[in-house]
Amino acid sequence: KAGVTQTPRYLIKTRGQQVTLSCSPISGHRSVSWYQQTPGQGLQFLFEYFSETQRNKGNFPGRFSGRQFSNSRSEMNVSTLELGDSALYLCASSGEQVQETQYFGPGTRLLVL
Amino acid sequence: AQSVTQPDIHITVSEGASLELRCNYSYGATPYLFWYVQSPGQGLQLLLKYFSGDTLVQGIKGFEAEFKRSQSSFNLRKPSVHWSDAAEYFCAQTGTASKLTFGTGTRLQVTL
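Residues numbered from 1 in each chain as written. Chains lettered and ligands numbered in written order. Predicted model: local features only at pLDDT ≥ 70, side-chain atom pairs only at ≥ 80, totals over all residues. Heavy atoms only, no water.

Engineer: Can you explain the layout of surface pockets? Please cite residues and give values.
Structural biologist: There is about 440 Å³ of room inside the largest pocket. Within the residue set of the lining of the largest pocket, elements represented by two or more residues are β4 (31–38), β9 (87–94) and β11 (108–112) of chain A together with β10 (87–94) of chain B. By residue number, the principal contributor to the lining of the largest pocket is β11(A), which donates three residues. For the lining of the largest pocket, the per-class residue count stands at seven nonpolar, eleven polar and three charged. (1 Å grid on protein atoms, 1.4 Å probe; cavity = no way out; pocket = protein on both sides within 12 Å on 5 of 7 lines; lining within 4 Å. Points joined across faces, edges and corners; volume = space filled by probe spheres on them. Helix = DSSP H or I, 4+ residues; strand = E, 2+ residues; numbered from the N terminus. Nonpolar A, V, L, I, M, F, W, Y, C, P; charged D, E, K, R; others polar.)

Here is the structure:
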């Protein structure tokens, strides 16, 4: 079974721009979660989507948004980028139950200049 | 609020030596506990997980972890470390929601 894939792997943007990151879950997984990893804040939960609905949300500003499609693929969008948004963005997929194991993709490294 | 503590930021061990990485969790009920490993520039790979049952769980790459409710701990162990084990290790938990709460990580350096 193919793992979680994320595109693009690397991205450079400037302040004020917006960015869209994509995540394809493991086949059969319907839940997709997003995490932000920075040296200062560590790994922080952004949100989780299940069956095209946001099931859980972390403590991030409204500039961070996401969506999920009927094939379980997910995108996250960050608008009005700030320097502090530079991070590794990780996507994880899991099965239907809430506490199921999450399997991570390789991440998208975003650099905001 | 849930929290996970990894007291050791950086650990150095010699190849062939044993390893123990510490993790303490904070959750009222029995949490779901995980250990993940991350190599530089990579995503997180699951090493092992504890949901219930036997408190000693076996994982991949020869790792094991022991759940101790009385100490709120879930320490990761390996009897003999290999140079390829050098990486960052994260302990994590979930409660009633699917959100993973991570510790700050322990960076493992292996000397030859």
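Engineer: So what's going on with the nonpolar core? Which residues, and what values?
Structural biologist: Grouped together as the largest cluster of nonpolar side chains are 25 residues, with contacts concentrated most on Leu19(B), Trp35(B), Leu47(B), Leu48(B), Phe74(B), Leu76(B) and Tyr89(B). Only β2 (10–14), β3 (19–21), β5 (32–38), β6 (44–50), β8 (64–68), β9 (73–78), β10 and β12 (106–111) of chain B provide two or more residues apiece to this core. If you look at the next biggest cluster of nonpolar residues, it comprises 21 residues, including Cys23(A), Phe47(A), Tyr49(A) and Leu81(A). (Core = buried A, V, L, I, M, F, W, Y, C linked by side-chain atoms within 4.5 Å. Buried < 20%, exposed > 50% of the residue type's maximum accessible area, 1.4 Å probe, protein only.)

Engineer: Let's hear about the side chain of Ser74(A): which residues, and what values?
Structural biologist: Residues and elements named next belong to chain A. Tracing the sequence through the fold places Ser74 in strand β8 (residues 74–78). For Ser74, a relative accessible area of 0% corresponds to the buried category. At 2.9 Å, the side chain of Ser74 and the side chain of Trp34 are in polar contact. With residues up to four places along the chain from it excluded, the contact list for Ser74 reads Leu21, Ser22, Cys23, Val32, Trp34, Tyr49, Arg67 and Gln68. (Polar contact = N/O pair within 3.5 Å; in protein donor to acceptor, adjacent residues only side chain to side chain. Contact = heavy atoms within 4.5 Å.)

Engineer: Requested: an account of the interface of chain A and chain B, with residues and values cited.
Structural biologist: The interface is formed by 17 residues belonging to chain A together with 20 residues belonging to chain B. Between chain A and chain B the total buried area reaches about 1600 Å² when both faces are included, carbon and sulfur atoms providing 54% of it. Where chain A touches chain B, the interface holds four residue pairs in polar contact (both at pLDDT 80 or more). At the level of secondary structure, the elements contributing two or more residues to the side of chain A that touches chain B comprise β4, β5 (42–50), β9 and β10 (103–104) of chain A. Take the side of chain A that touches chain B: its biggest share by element is three residues, from β5(A). (Buried area = accessible area lost by both parts, 1.4 Å probe.)

Engineer: Before we move on, could you go through the pattern of salt bridges and cite the residues and values that matter?
Structural biologist: In this structure the tally under the stated criterion is ten salt bridges over all chains. Put simply, Glu64(B) and Arg77(B) hold a salt bridge, and the shortest N to O gap is 3.2 Å. You can see Glu64(B) sitting in strand β8 and its partner Arg77(B) sitting in strand β9, a full 13 residues away along the chain. Via salt bridges that share partners, Arg63(A), Glu82(A) and Asp85(A) belong to a single interconnected network. (Salt bridge = Lys/Arg side-chain N within 4 Å of Asp/Glu carboxyl O.)

Engineer: Explain the pairing of β9(A) residue by residue, including any values.
Structural biologist: All names here are of chain A. Burial analysis of β9 places eight of its eight residues in the buried class, which makes it a mostly covered element. The two faces of β9 match: Ala87, Tyr89, Cys91 and Ser93 on one face and Leu88, Leu90, Ala92 and Ser94 on the other face are all buried. As defined by bridge partners, β4 adjoins β9 across seven bridges and the pair is classed as antiparallel. Across the sheet, residue Gln36 finds its bridge partner in β9, namely Tyr89. Pairing geometry for β9 and β11, over three bridges, is antiparallel. From the neighbouring strand, Ala87 faces β11, where its bridge partner is Leu110. Pairing between β9 and β10: two bridges, direction antiparallel. Looking at the pairing, Ala92 lines up with Phe104 of β10. (Pairing = 2+ DSSP bridges.)

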